[in-house]
Structures are given as structure tokens and as C-alpha cells.
Amino acid sequence: MRPFTYERAADPVSASARVADNPGAKFIAGGTNLLDLMKLQIEAPQRLVDINDLPLNGVTELPDGGLRIGALVRNTDLAADRKVRERYPVLSRALLAGASPQLRNKATTGGNLMQRTRCYYFYDTSKPCNKRQPGSGCSALHGYNRIHAVLGQSERCIAVHPSDMAVAMRSLDARVETSGPDGTVRVIPIADFHRLPGNEPQKDTVLEPGELITAVELPPPPPGVQVYRKVRDRSSYDFALVSVAAIVDHADGKLKDVRVACGGLAHKPWRAETAERSARGRAAEAGTFSSVAEEVLKGAHGHGHNDFKIPLAQRVIRAVLAQAAGQTPEPTRDGSGS
């Protein structure tokens, strides 16, 4: 065990300042990811700033009909919230697809967005990993890369972001509210919140040192049917090989609006707005769904063990869009169409 100091934060600004003043400091809330990383000595913070006493645990209505979700709202509570279940079912289903009941009882909204990758080599300190130790190399690139990225990756990192919740929030155009050490408040579109690896895979998000997530805002619920689908090796307590959050609004056999966000494919939740725009006004039929799937995976390439993800993702996208459009979806990898 490496020594560290522990303190409880009194307010968001002082919490941010305490972390910003010490490069070796970390916020701790549910701790479901950070404590594991500390045990494995992947993270070795010199100071832990506990934010659990901050008043950030409510789900409140916004004047425009959206919701404001405090950063400390537990995943279980958010999934069960009546406003979320009725108006944002894609988010509720995504949350319930993640982890286990015990972890969801502790994990927080802010922490879920900040969780690190589940790359095998990131968790193995005997292996090079640019995300863990910049400049050391990427073991997954030519190693066992079955769970790794097929979109948006770089030569420095092919890890994927593990969150289910973030994928659903990406489909809903969520906004992440933060507080800085000087009291500055930022509102960051979730599309811009997570980073692709590029040359700095150690940076998962655009947050500045000490910047604290205080809330997530959801715009008014979009019209249409919301569906979340997760394909994984085990039926529970496992991360997505491919996940899809889709929202489809249609009438008279035509698509009025389509949203598709994917997990398990990239370093951040992946959404191809060009594919969505191309589908609007087209027939709600298999050919259109196939075109969307192909466009979403445009430019994808595997690294050997994960080549299967590309056709799998296309099948899942087609199935989810068909389901959201009220049609009988084709079976996906596990034989289920739901």
C-alpha cells in the first residue's frame, strides 16, 4: 500500500482547488473504478478528496423539459428514477446493462463518465501501455486485441471506453457541467467530453486539472422509440463487445429522425451524424438500416482478433433500428433480436 492523505470536500470549488493544487490528487465518490486501480498500483494518488458530502445527488426538472442529474446520483437510483424510465428509457436500460447491482449501488453518474478502459494491457503493469505510461508502447496493437477498438484508434492506443451510460447519453445529446478551482462553470457537450487517443491516449477527457463534474443535463426527450442493445460474452457483469443506443422517429413508413450511438468500438462513445442525416426521409426498411450500419462503420478496421466486431456491429445496428421502427429485428450474435 502506498501512503496517501484523505479529506472530505466542503464544496465543489474547494474540492477542485485541492485537486488542482496537487498533481497527484484524485476525487473519490463511489470508488468502483479508482479503488481497483489503486489496488493494482495503476493509480497511486497522493491525496484523495472525497466529494460524497457535496449536494450533487438529485435529479431535477429543467425549465425546457429536460433533466439535470447530479454527479453523485448513483447508477441504481438514476435507472430507477421515474422521470428517466418514462422519458429516457434508453438511459435506464443502458445503466441496468452495466456492471452488477452491487456496483450500480455505489457507482455515480460522474464517476461512470470518468471510468478508465478495461484493456488487458492497461491492467497488466508488466506490459507496455501508452495510456498507463506514455511513450512505452501499445501491447494490444500486435497482441490479443479481441475487445479493442475498430474506429477512431491510433498507432499509440486501440483501447475502448467501457461505459454503457455514456453511450446512451451520447444518443441523447447530453451536456456535462463542471466546476473549476476558480469557480468557473463549464458546460461541455458529451460529444466533445471524451477524447480519441491520438498522440495522447493517457488523456481520456477534455477536463482540466482539478475540474470536477457537478452534473449532467439532458435536453427534452426526443420523439421516437428508444432502444439500447448490448452484446457481450457473458449475460451479466461484462463489458460490451458492441453496444448500440438508437432513437427512431417514423411515420407513414418514412424515417423522420434517427440517432445511433455505439459503445465497444472506440475510445469514446461513437456516433456518426452523417449516417443519421442520410437516413431521414427514407423508407423504414431493411435496406435503409443496412445503409446506416455501413455508414457508421465506414473506415473501421480491426487488428486481427477483433475483426469480427465490424460485421457484428453492423448486425446489431440493423437489428436495433428495426426494433425501434416496430419491425421484427434480425438475430444478433447471441441469437436474440431484442
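Before any of the text, the structure's been laid out above.
Read on for an overview of the structure. In this text, all values refer to a predicted model and were calculated from it rather than measured experimentally. (Residues numbered from 1 in each chain as written. Predicted model: local features only at pLDDT ≥ 70, side-chain atom pairs only at ≥ 80, totals over all residues. Heavy atoms only, no water.)

**What about the pairing of strand β5 (residues 67-70)?**
Quick reminder of the rule: Pairing between two strands is assigned when DSSP locates at least 2 bridges connecting them. For helices the rule is a DSSP run of H or I covering at least 4 residues; for strands it is a run of E covering at least 2, with both sets numbered from the N terminus onward.
Where strand β4 (residues 59-61) meets β5, three bridges bridge the pair, whose relative direction is antiparallel. Bridge pairing in β5 places Val59 opposite Ile69. Where β4 folds back on β5, the antiparallel hairpin that results is connected by five residues, among which Gly65 adopts a positive phi of roughly 100°.

**With respect to the packing of aromatic side chains**
Under the convention used in this document: Here a Phe, Tyr or Trp ring, Trp counted by its six-membered ring, pairs with any other such ring whose centre lies within 6.5 Å, and the pair is stacked when the planes are under 30 degrees apart, edge-to-face when over 60, and tilted otherwise.
By the definition in use, this model includes three aromatic pairs. Between Tyr120 and Tyr121 the ring centres are 6.3 Å apart and the planes differ by 80°, which places this aromatic pair in the edge-to-face class.

**Some words on a nonpolar patch on the surface**
This is how it is decided: Excluding any residue in a salt bridge, patches collect residues exceeding 30% relative accessible area, merging like charges within 9 Å and nonpolar Val, Leu, Ile, Met, Phe, Trp and Tyr side chains within 5 Å. Accessible surface is estimated by sampling points in the Shrake-Rupley manner with a 1.4 Å probe; for residues, cover comes only from the protein chains shown. A pairing counts as a salt bridge when a side-chain nitrogen of Lys or Arg comes within 4 Å of a carboxyl oxygen of Asp or Glu. Buried residues are those whose accessible area, probed at 1.4 Å on protein chains only, stays under 20% of the maximum for their type, while exposed residues exceed 50% and partly exposed ones sit between those limits.
On the surface, Met1, Phe4 and Tyr6 cluster together to form a nonpolar patch covering roughly 390 Å² of accessible area. Mapped onto the elements of the fold, Met1 is located in the segment before β1 (5-8). Looking at Met1, the relative accessible area reads 86%, which means it is exposed.

**Thoughts on the nonpolar core**
Operational definition: For this analysis, a nonpolar core means a set of buried residues of the types Ala, Val, Leu, Ile, Met, Phe, Trp, Tyr and Cys, connected via side-chain atoms within 4.5 Å. Should any heavy atoms of two residues lie within 4.5 Å, those residues are counted as being in contact.
With 37 residues, the main nonpolar core has Val244, Val260, Val296, Leu297, Ile317 and Leu321 as its most contacted residues. The element contributing the most residues to this core is helix α12 (residues 309-324), with nine residues. In contact with Leu321, not counting residues within four places along its chain, are Ala246, Val248, Val258, Val260, Phe289 and Val292. Membership of the second largest hydrophobic core comes to 34 residues, among which are Ala97, Leu172, Ile213 and Ala261.

**Things to note about empty space enclosed by the protein**
To locate leftover empty space, one rolls a probe as large as a water molecule over the atoms. Basically, it comes down to this: Whether a set of points on the 1 Å grid over the protein atoms alone is a cavity depends on a 1.4 Å probe fitting there but being unable to get out, while an open set qualifies as a pocket with protein on both sides within 12 Å along at least five of seven lines; lining residues are those with an atom within 4 Å of a point. Grid points are joined across faces, edges and corners, and a volume is the space filled by probe spheres set on the points. Residue polarity follows a fixed list, in which Ala, Val, Leu, Ile, Met, Phe, Trp, Tyr, Cys and Pro are nonpolar, Asp, Glu, Lys and Arg are charged, and the others, Gly among them, are polar.
For the structure shown, the criterion picks out two cavities of 30 Å³ or more. Here the largest cavity is characterised by a volume of approximately 80 Å³. Of the residues belonging to the lining of the largest cavity, the class tally is 10 nonpolar, four polar and two charged. A volume near 40 Å³ is recorded for the second largest cavity. Taken together, Gln115, Arg116, Thr117, Lys131, Val160, His161, Asp204 and His267 make up the full set of residues lining the second largest cavity. Here the residues of the lining of the second largest cavity are counted per class, giving one nonpolar, four polar and three charged.

By themselves these figures say nothing about function.
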